[in-house]
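Observations on chain architecture
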Number of protein chains: 6
Amino acid sequence: MVDNSKNFAETIDGSATILNVAQIVADLRNVRVSSLEDRKRRNKPPKLPSRKVLAEIVEGIAAALFPNRLGLPDLTEDGIDYFVGHTLDTALRELTAQVRLELDFSASLDLATPHISKDSAAAEKHTEQQIAEARKVVKKFAETLPSIRILLDSDILAAYEGDPAARSIDEVLVCYPGITAITHYRIAHVLHKLGMPLIARIISEIAHSSTGIDIHPGAQIHERFFIDHGTGVVIGETTIIGKNVRVYQAVTLGAKRFPTDESGMLIKGNERHPIVEDDVVIYAGATILGRITIGRASAIGGNVWLTHSVPPESNISQAQMRANQSQ
Amino acid sequence: MVDNSKNFAETIDGSATILNVAQIVADLRNVRVSSLEDRKRRNKPPKLPSRKVLAEIVEGIAAALFPNRLGLPDLTEDGIDYFVGHTLDTALRELTAQVRLELDFSASLDLATPHISKDSAAAEKHTEQQIAEARKVVKKFAETLPSIRILLDSDILAAYEGDPAARSIDEVLVCYPGITAITHYRIAHVLHKLGMPLIARIISEIAHSSTGIDIHPGAQIHERFFIDHGTGVVIGETTIIGKNVRVYQAVTLGAKRFPTDESGMLIKGNERHPIVEDDVVIYAGATILGRITIGRASAIGGNVWLTHSVPPESNISQAQMRANQSQ
Amino acid sequence: MVDNSKNFAETIDGSATILNVAQIVADLRNVRVSSLEDRKRRNKPPKLPSRKVLAEIVEGIAAALFPNRLGLPDLTEDGIDYFVGHTLDTALRELTAQVRLELDFSASLDLATPHISKDSAAAEKHTEQQIAEARKVVKKFAETLPSIRILLDSDILAAYEGDPAARSIDEVLVCYPGITAITHYRIAHVLHKLGMPLIARIISEIAHSSTGIDIHPGAQIHERFFIDHGTGVVIGETTIIGKNVRVYQAVTLGAKRFPTDESGMLIKGNERHPIVEDDVVIYAGATILGRITIGRASAIGGNVWLTHSVPPESNISQAQMRANQSQ
Amino acid sequence: MVDNSKNFAETIDGSATILNVAQIVADLRNVRVSSLEDRKRRNKPPKLPSRKVLAEIVEGIAAALFPNRLGLPDLTEDGIDYFVGHTLDTALRELTAQVRLELDFSASLDLATPHISKDSAAAEKHTEQQIAEARKVVKKFAETLPSIRILLDSDILAAYEGDPAARSIDEVLVCYPGITAITHYRIAHVLHKLGMPLIARIISEIAHSSTGIDIHPGAQIHERFFIDHGTGVVIGETTIIGKNVRVYQAVTLGAKRFPTDESGMLIKGNERHPIVEDDVVIYAGATILGRITIGRASAIGGNVWLTHSVPPESNISQAQMRANQSQ
Amino acid sequence: MVDNSKNFAETIDGSATILNVAQIVADLRNVRVSSLEDRKRRNKPPKLPSRKVLAEIVEGIAAALFPNRLGLPDLTEDGIDYFVGHTLDTALRELTAQVRLELDFSASLDLATPHISKDSAAAEKHTEQQIAEARKVVKKFAETLPSIRILLDSDILAAYEGDPAARSIDEVLVCYPGITAITHYRIAHVLHKLGMPLIARIISEIAHSSTGIDIHPGAQIHERFFIDHGTGVVIGETTIIGKNVRVYQAVTLGAKRFPTDESGMLIKGNERHPIVEDDVVIYAGATILGRITIGRASAIGGNVWLTHSVPPESNISQAQMRANQSQ
Amino acid sequence: MVDNSKNFAETIDGSATILNVAQIVADLRNVRVSSLEDRKRRNKPPKLPSRKVLAEIVEGIAAALFPNRLGLPDLTEDGIDYFVGHTLDTALRELTAQVRLELDFSASLDLATPHISKDSAAAEKHTEQQIAEARKVVKKFAETLPSIRILLDSDILAAYEGDPAARSIDEVLVCYPGITAITHYRIAHVLHKLGMPLIARIISEIAHSSTGIDIHPGAQIHERFFIDHGTGVVIGETTIIGKNVRVYQAVTLGAKRFPTDESGMLIKGNERHPIVEDDVVIYAGATILGRITIGRASAIGGNVWLTHSVPPESNISQAQMRANQSQ
């Protein structure tokens, strides 16, 4: 291990006080150019979907799903459909533009289809196809919105029933960070399935930042899902969660640790995260790793470290685990 | 466990690309109506207190409490009381409006007092009473502000003395997420006691989102409380914390796990969270559950899982716990 | 333990509804004055660096480092250097003002150099020296920017290679909270070394709030550092991390617990956090405490509690730890 | 004529430099109180309609009238009615609140109906009636919107046909200050007729400020009205303007000068402004005063000063006027 | 003259108070559709250049021209070119987009080139050509900026020398509305000559609204032009103004009045506005009409009405004009 | 007269489409440098007072003067003095900074006191004196605020009594552009007298832009001044206006025209604008020039051109003027 912080130290000991912006701009340009060269990227990199715009889109969709609570507070019966229609129309139009950016970006990653074709006619054709593709994706997404609302209603009801402190369904919707995280997840999941992994990931990171709950958009989560407190929850890409599952803060549903290869990289695999069946409760700090199955109606205790399947109606505690290990 | 994600799949395979906003608006209306019917809610739901407005109110109150540090940086001696008075006057006026919303919302939850009375004279009377009630609540809240400032001074001093890295009281106030969380808690706690649980909860979630520290506004926390790092801390509703307590990241002061009933719900009970006496230190990741008492001047080690009371001056570590379990 | 919440109760029982803002303003003034007196602070406290302004400065610096991705999306080859130069020039000018505030604040903490000198000529001289000093600090900081970019490139590459889900370097830069945290850390670290601990701390708290990752700016972290998921990670002030290290959520690299003295304060010491050598992986929830060394290419399992050094290529799991303890 | 600027001079010669804000605040309070007493106003003055809010309302209504040009540029056929409906719903809801303010303010001006009744039941009844009244006004206003659009179409067409430089109807709508002024006038005029003179006046002053065209909302202006350039145009309260009239900059359609009474006040009278029949053109700087009639298809030359009626098809120039005067 | 205000009156007498937004939306749609049909416009109208965006572009260009005064106040020598380069790069990029909108809009006005071609290949080709054309226009515009700066320097110097109250060139640039108007004019004029009459017109209306000075972008105005006070000044499309001309408020340089034809329209003609030679002064309220020539170094008095040429060094006053007319 | 628009034409005919921003930046720098050299200005020009900041300051002062109408609409008796005190404290602090900028700028105009002294000790002394001077100016200004309020009350009352359409004093304050202009004037006038002509001028131009009324801050205007409609009114620097004067749109109170010297500049002189005695009315479009006196209680008719004094109680009309001229 070499301490390259010496570079800093030397730099810092220099004595003049005249700031040479031009020199730094030139140095940064050199670093940038050589960084692109390392990646064999000489074309101008395509524009990515925007986190800021996607945050507004999700806010618009959430307002259209729950207009009285997350939209405008004073909506009349007369005005509510206009609000929903206009908010949706705006959000979906903006989403179409973001989908085009992801399509364009994905194409640039594909070596067989160079990003900037020399054949201008082909390029135009590509543009037309891309617009049609983006519209198709957004249309399919829009058509799932009523079923997303039904799922979210079930999640909110589960939270209301599952938390003794909750006095009304409305306060659950407005206060609970778990609901914020699940709303973002349910929207991101549909987009992930429609082939928009980058947009989906950005949406889930927006919720991660404000709630501390990190749900990969690829996870499959069924109705009546409730996360209480939530900070530190991590749910991996191939996780499957049944109906009526409850999870507390700092729970990890992750991939098992494989021995690292010489470069220290994880070996990529499919279906590497747990299956959690219906009616399971997982208490705070539990860590469940690998493609194992937690049987129906089991309860996993706080801080439990679990890497093997358990049958339905199991009741796993830390003490139990250690007892088993000692045997 | 049925995979209802098939619905998505089918929807997604549709082929047309014309987006029918009107159809989706109609579908969402149907879902909304049947969702309200399920909850036997046919009246227009009352407006809830606003998270955005409450965030501004808390910012205003904090600025009035610490005008030099959280208010305007250039305040003169001459101008400081005008700043405090105006900021407070504005924040309290806005708070009065939010309190009225919560009173109205609470009334709507009470089946014996239907939200929209047919008797208009009674309704008007109700309005007058409600305004008086809101003013009373805010007046009482305002009168506690000097004592909140004294408590916060003690918290800041505890952080300054407890963190070897802190060089001044001012930087503690400005930098430490624990102080942000406690400030929100102390304000929310008074409002909770004054019968405003929803406003109190929203305020505590504002701090939860920015700090990862989740303190229920119902908890009772005495002076000189210090949370270091803080991400993942959870402090439950009936917790009682004495003077001069120090807590690190990812500590849970929670309810014990009861065997789940058939629907998987927690059994609601009073006084289900720990009592932490004066001068206790709880290290990172410790989980303390149930109405147990941590005796004065005890130290609870990192990652300890504790569900029974310990006498004063105990020194509990993971190793010790396991040793005890093995005996 | 005395329940001082009674004060609240009494206050709350008062009956009048007329809000006396003037009385509260006066009470708050009294509290403020006596609070300052307790700290022997009678001078007007100096202005602190501003979190809001520093957030903008960091955003500007990040945009100058990665103009295509974090700057403006439509920059042409022609316009990119103007963007970088102008953004940098603005950010560095604002940083100079913040550095002056910290220098002024530091001086006020030093009892030997009273903040407001009666000797006006000396005061003026002090001002001149301070401006020169601030410029020198910012100049040195600016000169490290190209090497910061190189380090960040290595971090991004490590994340891309270490996460099977990452499809491109660009999405790592835009999506991953770990990259946000490291970018803030690398900027804050240089400022910390240049004698600006308060500015550095504020910058690291900005990242802490949005990512849940808390890296002390004093830590030394070498190239190719990757934090996955990240919520709850804490890295202490004297930690040293080698090249190509990977860390998961809720990992603590902290100080060992010393027996508390009678006032419950930590005893301050140097080099109290771990040394993590090159190529180490630390899985979720592991807690590593004290000035110990994790040898090269070791893997530390999830939830492991480690307080002693381990040799290179160790593979430490929870089970193993317990087994060792039982021996 | 006494020079009261001496007061300033004396004040200004004072020598101390300590700013006594408290003294100025007290002095301003005294001035305020005695000013209210002079007007026999001791009650708290009612809130007035807000210029800022009315500007937004007019912008919303204009966007609903011309959604493609003054609304959102990217509206699809699918989204346009949602945009119009939502924009209108929002603007009309806000307008209802403003109308209530004007009703309340008008009531406070009426001595027979004291603003704050001691009889609370009567006060409540008043509130209910006022809400119903406000809704009625806004409903009537809303129903005129299609006819306002038809009138504005005729005005725009007249401008397009009347200005040799105009290349398209769209640019007339977007560029011409005369169209801005007429749009505000046509909206304000309906509100004026519905008994909202204060709101109407504020709306016409918004246009006056941005265009220099001052049309009293009481004026009656028929279709195809075109104002070119416009700065300095003044059209008085009882003016009647027929179809297809064209007016240039600095034209005044005002009240004749009456000999001043001893207090220098204008004697109030009805129908004191001109009647301009169909197809008249009035060139720049012409001043037309009093309840006179400009006959059909007349042309009034630049800078002409006219205080008597002229028959149809007159062609009046400055030279002619002087020639007549000399005769 | 028919009073169509009766429609309003009838509408207003309706009695229900339930607002039917849907009906009004439908009525507005009908009006919109029939309005488009009247104009034989069935295609979706193309998007127009945006006044708001053009205001920002002009602000950016003005800041690039005068970076110390209209740009950022704290620019260092080091940073000034970066500021100018970045501001210009941004403004010109946005201008390119606006130019494309005008090109598209102009094409839609041309019947021979239908806006939406059925031949997609041709449409694409059109797009490519249009982008190239827009770039060419903006490049040419950009290249004139140094000469625009030189002209504006001469205008500012003329104002400074011509106004006894001006104490410095800097305050002229910052305070005088005449300078604001001329800056907009000089930018708009170049764009007008480059075939962008709509953008040019919008820019000149921005200045008209804030200054009351209405200069057509087609006018030709040479160096050292000074407008004092300015409200009400109108300068027509084919006006030619020499060097060192001074003009006061309410001066019109307009087209002569032609006898109106039966439809009341002006007959369009070229070169219908005055030629004002070098060194002329025109006092407040003077009206000069038609393609006449005001000879070098003449002075035209206040309120003079002039429709014939005058030789060099003329000195025209109102009294004189009347004297001539009486002869 | 040479047509220098040829330069444009040539530039425009160039054919390449690659935009060379760097070349334009360099050209603009050259123009800038030679422009500064022409003015013998080589030092960095001092920063000017900011129009945007001054607009906020005036808004703050107006809100402090009329807190119920121009401040916050919901102020309670309890909160109003805090609002006034805080608003004033903020506005005056910002004004002090602007006054320092003007003092600095004025010093830079004075050749005997070079702006950037080489003697640093002298420079520091200068800074201290300047701060004291700025505070003194603002203190004096602040002390006149109560008398400004009294004057404005008289102006508002005059408008209310003078306009038959005004129904209440409140609507006059909120609606009438004349009141906006006079408020700005009365504030600017005090600052002008205190030696801040540039700040005063900027404030009066803010009102000029929004109202079309141009009152020089040097003019002396006594109580009860009313401007109706107002667009195009110009009141010159040395004008003196008595009590209870009424003025309509497009009135000029200007300097007489002097024969121009060879360079076309006005000869500067003192007391070159009219004296208007008490109780005078001046109708729309009247032009009154030179240091003449309009006697008490006179009425000056619309469009009258007056360059000689008239005795008290004169009644001047256009017709009369011409009749006199013919005699």
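Residues numbered from 1 in each chain as written. Chains lettered and ligands numbered in written order. Predicted model: local features only at pLDDT ≥ 70, side-chain atom pairs only at ≥ 80, totals over all residues. Heavy atoms only, no water.

Some remarks on the overall build of chain A
Summing up its helical and strand segments, chain A has 11 helices and 14 strands in all. The proportion of buried residues among the 327 residues of chain A is 56%. Within chain A, residue pairs in contact and separated by at least 24 positions form 49% of the contacts whose partners lie at least 6 positions apart. (Helix = DSSP H or I, 4+ residues; strand = E, 2+ residues; numbered from the N terminus. Buried < 20%, exposed > 50% of the residue type's maximum accessible area, 1.4 Å probe, protein only. Contact = heavy atoms within 4.5 Å.)

Things to note about the relation of the copies chain E and chain A
Mapping chain E onto chain A calls for a rotation angle of 180° and an axial translation of 0.0 Å; the resulting RMSD is 0.0 Å. Taken together, these values place the two copies in the relation of a two-fold axis. Mapped onto chain A, 100% of the interface residues of chain E again fall at the interface, so both copies present the same surface. (Least-squares fit on C-alpha atoms with pLDDT ≥ 70 in both.)

Re the interface of chain E and chain A
Every contact between the two is made by 10 residues of chain E and, on the other side, 10 residues of chain A. Of the roughly 760 Å² buried at the junction of chain E and chain A (both faces included), carbon and sulfur atoms supply 43%. Where chain E meets chain A, there are zero salt bridges. Summed over the shared surface of chain E and chain A, the result is zero residue pairs in polar contact (both at pLDDT 80 or more). When contributions to the side of chain E that touches chain A are tallied by element, the ones reaching two or more residues are helix H2 (21–38), helix H5 (77–109) and helix H6 (120–143) of chain E. Partitioning the side of chain E that touches chain A into residue classes produces five nonpolar, two polar and three charged. (Buried area = accessible area lost by both parts, 1.4 Å probe. Salt bridge = Lys/Arg side-chain N within 4 Å of Asp/Glu carboxyl O. Polar contact = N/O pair within 3.5 Å; in protein donor to acceptor, adjacent residues only side chain to side chain. Nonpolar A, V, L, I, M, F, W, Y, C, P; charged D, E, K, R; others polar.)

Side note on the domain arrangement of chain A
Residue and element names in this part refer to chain A. As assigned here, chain A comprises domain 1 (56–109 + 125–212) and domain 2 (219–327). One C-alpha centre belongs to domain 1, the other to domain 2, and the line joining them spans 27 Å. Contact with domain 1, which involves 19 residues of that partner, is made by 17 residues of domain 2. With both sides pooled, the region where domain 1 packs onto domain 2 buries about 1300 Å², and carbon together with sulfur makes up 53% of that total. (Domains from an automatic or database assignment.)

Notes on empty space enclosed by the protein
Over the atoms rolls a probe the size of a water molecule, and in doing so it shows where empty space is left. In this structure, the second largest cavity encloses a volume near 560 Å³. Surrounding the second largest cavity, 30 residues form its lining, Ala 250 and Gly 285 of chain A, Ala 250 of chain B together with Ala 250 and Gly 285 of chain C being those nearest its centre. Looking at the lining of the second largest cavity residue by residue, the class counts come to six nonpolar, 24 polar and no charged. (1 Å grid on protein atoms, 1.4 Å probe; cavity = no way out; pocket = protein on both sides within 12 Å on 5 of 7 lines; lining within 4 Å. Points joined across faces, edges and corners; volume = space filled by probe spheres on them.)

As for the pattern of salt bridges
For the coordinates displayed, the defined rule picks out 73 salt bridges over all chains. In this structure, Arg 186 of chain D engages Asp 155 of chain D in a salt bridge whose closest nitrogen and oxygen atoms are separated by 2.8 Å. Residue Arg 186 of chain D is found in helix H9 (residues 177–193), and its partner Asp 155 of chain D is found in helix H7 (residues 145–162); the two are separated by 31 residues along the sequence. Like Asp 155 of chain D, Arg 186 of chain D is buried. A salt bridge links Arg 272 of chain E to Glu 237 of chain E, with the nearest nitrogen and oxygen atoms 3.4 Å apart. Remark: Glu 237 of chain E occurs in the loop between strand E4 (234–235) and strand E5 (240–241) and Arg 272 of chain E occurs in the loop between strand E7 (252–254) and strand E8 (275–276); sequence separation between them is 35 residues. For Arg 272 of chain E, a relative accessible area of 15% gives the class buried.

A short note on the interface of chain C and chain A
Of the residues lining the interface, 80 residues belong to chain C; the matching set on chain A comes to 65 residues. With both chains or domains summed, chain C and chain A bury close to 5900 Å², and 60% of this area falls on carbon and sulfur atoms. Per-residue buried area on chain C facing chain A is highest for Lys 139, Pro 164 and Arg 167 of chain C; these three make up 10% of the total on that side. At the junction of chain C with chain A, the criterion picks out two salt bridges. Between Arg 32 of chain A and Asp 81 of chain C there is a salt bridge whose closest N-O contact spans 3.5 Å.

Considering the sheet that holds strand E14 (residues 315–316) of chain B
Residues and elements named next belong to chain B. Taken in spatial order, the five strands line up as E3-E6-E9-E12-E14 in an open sheet, and their pairing is parallel. Both outer strands of the open sheet, strand E3 (226–227) and E14, are each paired with one neighbouring strand and no more. As judged from the two bridges shared by strand E6 (residues 246–247) and strand E9 (residues 281–282), these two strands associate in the parallel manner. Looking across to E9, one finds that Arg 246 is bridged to Val 281. (Pairing = 2+ DSSP bridges.)

Things to note about the relation of the copies chain C and chain A
Rotating chain C by 120° and translating it 0.0 Å along the rotation axis places it on chain A, where the RMSD comes to 0.0 Å. Taken together, the rotation angle and the small translation identify this as a three-fold axis. Little of the interface of chain C is mirrored in chain A: 5% of its interface residues are interface residues there too.

Digging into the environment of Val 58 of chain B
Residue and element names in this part refer to chain B. With respect to the element layout, Val 58 can be found in helix H3 (residues 51–65). Separated by 37 residues in sequence, Val 58 and Leu 95 have C-alpha atoms that sit 9.3 Å apart. Ignoring any residue separated from it by four or fewer positions in sequence, one finds Val 58 in contact with His 184, Ile 187 and Ile 203.

Topic: the environment of Ile 316 of chain E
Looking at where Ile 316 of chain E falls in the secondary structure, it is placed in strand E14 (residues 315–316). Along the chain, Ile 316 of chain E and Asn 244 of chain E lie 72 residues apart, while their C-alpha atoms are 18 Å from each other.

A closer look at the sheet that holds E14 of chain E
Residue and element names in this part refer to chain E. Spatially, five strands are ordered E3-E6-E9-E12-E14 in an open sheet, and the strand pairing comes out parallel. With partners counted over all chains shown, the strands left at the sheet margins are strand E3 (226–227) and E14, one partner each. When strand E12 (residues 299–300) meets E14, the two strands line up parallel, connected through two bridges. From the neighbouring strand, Ala 299 faces E14, where its bridge partner is Asn 315.

Points about unusual backbone geometry
Most peptide bonds take the trans configuration, and most residues that are not glycine carry a negative phi. All names here are of chain A. Residue Arg 224 is not a glycine yet carries a positive backbone phi of 55°. Within the secondary structure, Arg 224 is located in the loop between strand E2 (220–221) and strand E3 (226–227). At Ala 297, a position not held by glycine, the phi torsion is positive, near 65°. Locating Ala 297 in the fold gives a position in the loop between strand E11 (293–294) and strand E12 (299–300). Overall, the relative accessible area of 28% leaves Ala 297 in the partly exposed class.

Here we look at the packing of aromatic side chains
Across all of its chains, the model carries 15 aromatic pairs over all chains by this definition. Note on Tyr 82 of chain B and Tyr 82 of chain F: the rings are 6.4 Å apart at their centroids and 65° apart in plane angle, and the pair reads as edge-to-face. Separated into two different chains, Tyr 82 of chain B in helix H5 (residues 77–109) and Tyr 82 of chain F in helix H5 (residues 77–109) make up a pair that spans both. Each member of the pair, Tyr 82 of chain B together with Tyr 82 of chain F, is buried. An angle of 35° between the planes, with centres 6.5 Å apart, marks the rings of Tyr 176 of chain C and Phe 226 of chain C as tilted. (Phe/Tyr/Trp six-rings, centres within 6.5 Å; stacked < 30°, edge-to-face > 60°.)

Focus: the packing of H5 of chain B against H5 of chain F
The N-to-C vectors of H5 of chain B and H5 of chain F enclose an angle of 125°; their axes lie 8 Å apart at closest approach. Put simply, H5 of chain B runs oblique to H5 of chain F. Once H5 of chain B is placed against H5 of chain F, the crossing between them reads as left-handed. In this structure, H5 of chain B uses Gly 79, Asp 81, Tyr 82, Phe 83, Gly 85, His 86 and Asp 89 of chain B to contact H5 of chain F, whose residues at the interface are Gly 79, Asp 81, Tyr 82, Phe 83, Gly 85, His 86 and Asp 89 of chain F. (Axes fitted to C-alpha atoms, helices over the stretch in contact; angles between N-to-C directions. Parallel < 35°, antiparallel > 145°, perpendicular 65-115°, else oblique. Left-handed = near helix turned anticlockwise from the far one by under 90°.)

Points about the confidence of the model for chain A
Atom-level detail of predicted coordinates should not be read off regions where pLDDT is low. Residue and element names in this part refer to chain A. Chain-level statistics for chain A give a pLDDT mean of 84 and a share of 81% at 70 or above. Of the regions scoring below 50 in pLDDT, residues 1–15 engages in 32 contacts with residues more than four places distant in sequence or in other chains. Segment residues 111–118 is flagged for pLDDT under 50; beyond a separation of four residues in sequence, or across chains, it makes five contacts in the model. The ipTM for the predicted assembly is 0.87, set against a pTM of 0.90. (pLDDT = per-residue confidence, 0-100.)

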